[in-house]
Amino acid sequence: MTEGGTARTGDPERDTLDKAAAENFPVAPFFLPRAWRDDLMALYGFARLVDDIGDGDLAPGGADAHLLGVPPRDADDRLLLLDAFEADLGKVFDATPGHPLLRTLQRTVRRHRLGPGPFLDLIAANRQDQLVTRYETHDDLLAYCALSANPVGRLVLAVTGTTSPERIRLSDAICTALQIVEHLQDVAEDLRRDRVYLPAEDLKRFHVQEADLAAPTAGASVRALIAYEAERARKLLDEGAPLVGSVHGRLRLLLAGFVAGGRAALHAIAAAEHDVLPGPPKPGRLRLLRGMGAALRGER
């Protein structure tokens, strides 16, 4: 089964794309033009696969490793798989890649004349996850988000033909905020992977030990820490929200959904009294729809 509970098909491309249904935000909603949906799914396929490699969440059986030319004995070596994936990505720009998800991506890359930079950043973020499991400062975490999240927003702007310096700045703020919100939702799961995305300086400030994050429920200090980080994420979302009003039509709906999804997740965290340790607090659909309306109207 995938993380979203759908059955595996044995097709590495299909198994990866099927995970879109379990994401916090719609990946390629029905109201977008077909060409945009195809491009967004191609981008999602790349980002999902590189994350699955970095998290050790590839489908069992080694099919992805085989497609990347990695022998079975090394199919669990994440750094080796990321190196092989990066090599196959290079073929997107001048040859024919071996992995079907990258062959699909190649059509999007050629259609929009995309460069390798954002894709390499996403690989670099997952390589960093294998080597860096703690972040000392908030600035250190923001630098990680610049690799792990911001490239996705920049690619969305590129395939929709709406890139500008100001929109990139606003998109980066939204994407970083959404990444931080996801980290807050997944504190317990990340700790089980021996990763902590709460800055060490903030743990010290709120007198929180890592052992406190392994508890079944959060104590007062952990709740205060989560509330502090959530407020930071909210401010970033508010900073980036004018991106919604800078575009028109169906893209505006899509971007409003991203902003509303982040705000709804923050509301769910607050409604759980900032106790994220039992599991990710999930926002309700009504809250999300109301948030979309607010984002479309430019309200906070």
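Everything discussed here concerns the structure shown above.
Here goes a summary of the coordinates provided. Please read these numbers as outputs of a predicted model, since none were measured by experiment.

Moving on to the overall build of the protein. Regarding its fold elements, the protein presents 16 helices and zero strands. Relative to the 2.2 N^0.38 estimate, which gives 19 Å for 300 residues, the radius of gyration of the protein is 19 Å and therefore close to what a compact globule would have. Seen through its C-alpha atoms, the protein measures out along the principal axes to roughly 55 × 50 × 35 Å. Counting only residues that meet the buried cut, the protein has 47% of its 300 residues in that class. Sequence separation of at least 24 residues holds for 67% of the intrachain contacts in the protein that already meet a minimum separation of 6. Carbon and sulfur atoms provide 53% of the accessible area of the protein, an area that totals close to 14000 Å². For the protein, the separation between the mean place of its 37 positive charges and that of its 43 negative charges on side chains is 7 Å.

Quick look at the pattern of salt bridges now. Oppositely charged side chains are able to pair whenever their charged atoms sit close together. Counted according to the given criterion, the structure contains 23 salt bridges. The partner of K204 in a salt bridge is E136, and the shortest N-O contact between them spans 3.6 Å. Separated by 68 residues along the polypeptide, K204 in helix α11 (residues 200-205) and E136 in the loop between α6 (117-131) and α7 (138-148) bring together distant segments of the chain. Residue class for K204 comes out exposed when judged on its relative accessible area of 57%.

Take the packing of helix α2 (residues 34-55) against helix α5 (residues 100-112) next. Where α2 contacts α5, the axes come no closer than 9 Å and their chain directions differ by 130 degrees. In terms of axis orientation, α2 runs oblique to α5. Here α2 runs over α5; the crossing is left-handed. For the pair α2 and α5, the contacting residues are D39, A42, L43, G45, F46 and L49 in the first and L101, L102, T104, L105, T108, R111 and H112 in the second.

A word on the packing of helix α9 (residues 165-185) against helix α13 (residues 220-240). Running from N to C, α9 and α13 cross one another at 155 degrees; their axes reach a closest spacing of 7 Å. The angle between α9 and α13 places the two elements in the roughly antiparallel class. Handedness of the crossing formed by α9 with α13: left-handed. Contacts between α9 and α13 involve R169, L170, A173, I174, T176, A177, L178, I180, V181 and L184 from the first element and I226, E229, A230, A233, L236, L237, E239 and G240 from the second.

Time to look at the packing of aromatic side chains. In the structure shown here, the tally under the stated rule is eight aromatic pairs. Aromatic pair F30 and F31: ring centres 5.7 Å apart, planes at 80 degrees, arrangement edge-to-face. Centroid distance Y135 to Y144: 5.4 Å. Interplanar angle 45 degrees. Geometry classified as tilted. Assigned by exposure class, Y135 and Y144 land together as buried. Each member of the aromatic cluster is reached from another via a ring pair, and the members are F46, F85, F93 and F119.

Time to look at helix α16 (residues 285-296). The α-helix winds at 3.6 residues per turn, so residues separated by three or four positions along the chain end up facing the same way. Between its first and last C-alpha, α16 extends 17 Å over 12 residues, near the 16 Å set by a 1.5 Å rise per residue. Among all positions in α16, only G291, M292, G293, A294 and A295 are buried. The inward-facing, buried residues of α16 abut α14 (242-245) and α15 (249-271). Of the residues one or two after α16, G298 is the one with positive phi, at around 80 degrees.

Here we come to unusual backbone geometry. If a residue is not glycine, its phi is most likely negative; likewise, a peptide bond is most likely trans. Positive phi, close to 60 degrees, is recorded for D194, a residue that is not glycine. Position of D194 relative to the elements: it lies in the loop between α10 (187-192) and α11. The class for D194 is partly exposed, based on a relative accessible area of 43%.

About the thresholds
- Residues numbered from 1 in each chain as written.
- Predicted model: local features only at pLDDT ≥ 70, side-chain atom pairs only at ≥ 80, totals over all residues.
- Heavy atoms only, no water.
- Helix = DSSP H or I, 4+ residues; strand = E, 2+ residues; numbered from the N terminus.
- Rg over C-alpha atoms; globule rule 2.2 N^0.38 Å.
- Buried < 20%, exposed > 50% of the residue type's maximum accessible area, 1.4 Å probe, protein only.
- Contact = heavy atoms within 4.5 Å.
- Areas by Shrake-Rupley, 256 points an atom, 1.4 Å probe, with all protein chains shown as cover.
- Lys, Arg positive; Asp, Glu negative; His and termini not counted.
- Charge placed at Lys NZ, Arg CZ, Asp CG, Glu CD.
- Salt bridge = Lys/Arg side-chain N within 4 Å of Asp/Glu carboxyl O.
- Axes fitted to C-alpha atoms, helices over the stretch in contact; angles between N-to-C directions.
- Parallel < 35°, antiparallel > 145°, perpendicular 65-115°, else oblique.
- Left-handed = near helix turned anticlockwise from the far one by under 90°.
- Phe/Tyr/Trp six-rings, centres within 6.5 Å; stacked < 30°, edge-to-face > 60°.
- Expected span 1.5 Å × (residues − 1).

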